Amino acid sequence: MVQYPKNGKSPGNSATQDPEFVEKQGKRVPAIFFRTEAGGEPVREWLRSLSPDDRKRIGEDIKSVEYGWPLGMPVCRPLGNGIYEVRTGFTQRRIARVLFYIDKKSRMVLLHGFIKKTQKTPDADLALARSNKSKHQRGLE
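Residues numbered from 1 in each chain as written. Predicted model: local features only at pLDDT ≥ 70, side-chain atom pairs only at ≥ 80, totals over all residues. Heavy atoms only, no water.

Asker: Which parts of the structure should I look at to understand the nonpolar core?
Answerer: Side chains that are nonpolar tend, in soluble globular proteins, to be buried together. Ranked by internal contacts, the top residues of the largest apolar core, which has 18 residues, are I58, V65, V98, F100 and M108. Of all the secondary-structure elements, those providing two or more residues to this core are α2 (42-48), α3 (52-68), β4 (95-102) and β5 (108-116). Each residue touching F100, except ones within four places of it in the same chain, is listed here: V65, W69, C76, G82, I83, Y84, E85, V86, M108, V109, L110 and L111. Formed by 11 residues, the second largest nonpolar core is a distinct cluster that contains L79, I83, L99 and V109. (Core = buried A, V, L, I, M, F, W, Y, C linked by side-chain atoms within 4.5 Å. Buried < 20%, exposed > 50% of the residue type's maximum accessible area, 1.4 Å probe, protein only. Helix = DSSP H or I, 4+ residues; strand = E, 2+ residues; numbered from the N terminus. Contact = heavy atoms within 4.5 Å.)

Written out as structure tokens, the structure is:
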């Protein structure tokens, strides 16, 4: 893995200073946030509502998918219709899920995040992820 100084810039040539180059360096599927028509980013907003430790754990699992795609259990699981979940365990037996899909530009689009309270993924959460996926795909056409 390439290590950059704290300022985020490589001492090398101008190609390595291009943010898109740095973002894709080593990542098989770089993560992006789904953005609503109004400009909101539901997963980013949800993450900000969590504790720093919880955010860090989720971020590490998302990073595992970015670098290791395709990845299976226990970190990632398909839910059908091209939607997958990143599975993160917290302390006190709490678990979080971030639902995503891989778009035609090979990006991991983070559609919806929630703290899971039941064994089965709630239908409402899955429906919201499907709706966001559909909206994102329409925006790419």
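From this point, the narrative continues.
Asker: So what exactly am I meant to see when it comes to the pattern of salt bridges here?
Answerer: A side chain with one charge can pair with a side chain of the opposite charge if their charged atoms come near. Tallying each qualifying case throughout the model produces 11 salt bridges. We note a salt bridge from K56 to E60, for which the minimum N-O separation is 3.9 Å. Taken together, the residues span about one helical turn, with K56 and E60 both in helix α3 at a distance of 4 residues. By relative accessible area, which is 53% here, K56 ends up exposed. With a relative accessible area of 42%, E60 lands in the partly exposed category. Between D103 and R107 there is a salt bridge, with the nearest N and O atoms lying 2.8 Å from each other. For R107, a relative accessible area of 19% corresponds to the buried category. (Salt bridge = Lys/Arg side-chain N within 4 Å of Asp/Glu carboxyl O.)

Asker: Can you walk me through the packing of aromatic side chains in this structure?
Answerer: Where two aromatic rings form a pair, the distance of their centres and the angle of their planes describe that pair. This structure, assessed with the given rule, holds 3 aromatic pairs. Seen in terms of ring centroids, W69 and F100 are 5.9 Å apart; in terms of plane orientation they differ by 75°. Their pairing is edge-to-face. Here F100 lies in strand β4 and W69 lies in the loop between α3 and β2 (76-80), a separation of 31 residues in the sequence. Here W69 matches F100 in class, with each residue buried. (Phe/Tyr/Trp six-rings, centres within 6.5 Å; stacked < 30°, edge-to-face > 60°.)

Spatial relationships are all this shows, so hold off on functional conclusions.
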